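# An overview of the molecular structure
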Amino acid sequence: MKVTRALQPLLPLCQRLLPDMRTLPGILNLSSLPNLPGLPGLPGLPGRLAGLSLALLKATALDLAILAGHMLLYPSGIVQERRAAVRPALPGAAGAEDPPQLPTQAPPPVVLLHGFIDNRSVFVLLRRSLAQHGRHRMESLNYSPLTCDIRTAAELLGRHIEEICERTGSSQVDVVGHSLGGLIARYYVQRLGGDGRVRILVTLGTPHAGTRVAPLANAHPIVRQMRPGSEVIEELSRPAPGCRTQFVSFWSDLDHLMDPLESACVDHPDLLAQNVRVTGIGHLALPVHPAVATGIRQALDTEPSDAPSGTRTGARRGTARTGPRTDGLTVA
């Protein structure tokens with residue numbers, strides 16, 4: 001019985017990565033174990049375990065390398081970002097010989113929101129990638145590592161976005177949130193009326209349904225709010241009819257901070273959502289990997305009206321929905 005309880009937390013991962021498992025021939029008959037419902041069977045176990053071990057090793061090594069580099073960059077992101085005033089171009093700034101051009105509407109500003117015990121330095125590579133592809137209006141919000149309430153952080157985000165809109169003249173923004181940052185942004189959108197300001201919300205490894213990882217971290221109140229069944233998670237599961245924001249959630253099948261892994265997916269009947277499964281990297285690599293950055297750019301360049309018509313009908317009119325769109329992205 002003790003062995004069975006010890007194996008129980010590993011079952012979701014086994015069911016996802018080893019979908020055919022019922023027995024381990026000549027080693028162990030797992031179907032005889034009690035309290036392990038739905039455990040599938042496994043042909044070709046050695047090859048699959050070898051592939052899984054290699055993938056985990058690569059993802060862990062990459063996360064450790066990213067962590068080491070991020071620790072060097074961390075001091076540069078402690079100070080809040082300096083916000084320059086936006087000055088409109090003068091009508092006569094262009095040369096007289098330049099042919100007249102039709103006015104083009106600039107894309108909304110992008111607001112970057114970091115995760116737990118982090119700061120804006122985590123987005124150095126993503127900012128560069130977005131800037132190289134035409135996204136020149138980007139701002140990061142640092143919330144204090146002493147923040148103890150997701151609701152308070154969401155209110156701060158709302159004030160920050162209002163200030164950006166007033167300063168830039170834009171009526172909406174796009175938001176990219178890593179981990180806890182995505183949860184804060186979702187609370188602002190769903191519970192504080194932020195869907196009128198946020199056009200697209202991209203989340204990276206965000207515990208939308210709560211995560212059970214690291215029980216000892218419960219000493220921190222904001223970690224308790226990220227647990228399944230917390231008041232915050234329960235609030236986010238409530239109806240949100242007419243929510244206008246489009247959600248794109250990137251989640252990794254090797255994310256060691258999500259338990260279960262699918263908790264990083266947006267699954268809500270009233271939300272216009274697309275879930276993108278990322279294969280081959282861990283939690284820390286999501287905001288820095290170039291393949292994910294490409295996926296983020298594509299998400300931000302997609303107009304909400306480009307989503308499947310049936311999905312939008314469900315979100316707007318309250319009719320039945322088939323569930324969020326699910327895509328895949330293999331990066332390693």
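Basis of the calculations
- Residues numbered from 1 in each chain as written.
- Predicted model: local features only at pLDDT ≥ 70, side-chain atom pairs only at ≥ 80, totals over all residues.
- Heavy atoms only, no water.
- Helix = DSSP H or I, 4+ residues; strand = E, 2+ residues; numbered from the N terminus.
- Buried < 20%, exposed > 50% of the residue type's maximum accessible area, 1.4 Å probe, protein only.
- Contact = heavy atoms within 4.5 Å.
- Areas by Shrake-Rupley, 256 points an atom, 1.4 Å probe, with all protein chains shown as cover.
- Pairing = 2+ DSSP bridges.
- Polar contact = N/O pair within 3.5 Å; in protein donor to acceptor, adjacent residues only side chain to side chain.
- pLDDT = per-residue confidence, 0-100.
- Salt bridge = Lys/Arg side-chain N within 4 Å of Asp/Glu carboxyl O.
- Core = buried A, V, L, I, M, F, W, Y, C linked by side-chain atoms within 4.5 Å.
- Expected span 1.5 Å × (residues − 1).

### Here's the deal with the overall build of the chain
Looking only at helices and strands, the chain features 10 helices and 7 strands. Within the chain, the fraction of its 332 residues that count as buried is 46%. Across the chain, every contact between residues at least 6 apart in sequence was considered, and the portion connecting residues at least 24 apart equals 78%. As displayed, the chain offers around 17000 Å² of accessible surface, 60% of which is attributable to carbon and sulfur atoms.

### Points about the pairing of strand β1 (residues 110–113)
Burial along β1 is two-sided: V110 and L112 facing one way and V111 and L113 facing the other are all buried. Bridge count for β1 against strand β3 (residues 173–178) is 4 bridges, and the pairing is parallel. For V111, the partnering residue across the bridge sits in β3 and is V175.

### Points about the side chain of S263
When you line up the elements, S263 lands in the loop between β5 (246–252) and β6 (272–279). Given the relative accessible area of 2%, S263 is considered buried. Within polar-contact distance, the side chain of S263 engages the backbone oxygen of P260 at 2.7 Å. With near-sequence residues (within four places) excluded, S263 lies in contact with T206, P207, H208, A209, G210, T211 and M258.

### Focus: the confidence of the model for the chain
Of the residues in the chain, 70% have a pLDDT of 70 or more, and the chain-wide mean is 79. Counted against residues more than four places away or in other chains, residues 306–322, with its pLDDT under 50, gives 24 contacts.

### Regarding the pairing of β3
Looking along a regular strand, one sees side chains alternate from face to face of the sheet. In terms of burial, β3 is largely enclosed, as 6 of its 6 residues are buried. Of the two faces of β3, the one lined by V173, V175 and G177 and the one lined by D174, V176 and H178 are each fully buried. When β3 meets strand β4 (residues 198–204), the two strands line up parallel, connected through 6 bridges. If you follow H178 over to β4, its bridge partner there is L204.

### Things to note about the environment of E155
When you line up the elements, E155 lands in helix α5 (residues 150–168). Sequence separation between E155 and L192 is 37 residues; the distance between their C-alpha atoms is 7.6 Å.

### Re the pattern of salt bridges
Tallied over the entire structure, the rule returns 14 salt bridges. A salt bridge links R151 to E235; its shortest N-O distance comes to 2.9 Å. Note that R151 is positioned in helix α5 and E235 in helix α8 (residues 231–236), a separation of 84 residues in sequence. Classification of E235 as buried rests on a relative accessible area of 10%. Across the pair E234 and R238 runs a salt bridge whose closest N-O atoms are separated by 2.8 Å. Given a relative accessible area of 34%, R238 falls into the partly exposed group. Salt bridges sharing common partners tie together D149, R151, R191, E231 and E235.

### Overview of the nonpolar core
Core analysis: the largest hydrophobic core is formed by 34 residues, its most contacted members being I150, L157, I161 and I184. Of all the elements in the fold, those that place two or more residues in this core are β1, α5, β3, α6 (180–191), β4, α7 (221–224) and α8. For L157, the contacting residues outside a window of four places in its chain are V111, L113, L141, I184, A185 and Y188. Counting 26 residues, the second-largest nonpolar core is a separate cluster that includes V202, A285, V288 and A299.

### A closer look at α5
With 19 residues, α5 should cover 27 Å at 1.5 Å per step; its first-to-last C-alpha distance of 27 Å lies within 8% of that length. Where α5 is concerned, the buried positions are I150, A153, A154, L157, G158, H160, I161, I164, C165, R167 and T168. Positioned one or two residues after α5, G169 has a phi angle of 80°, which is positive.

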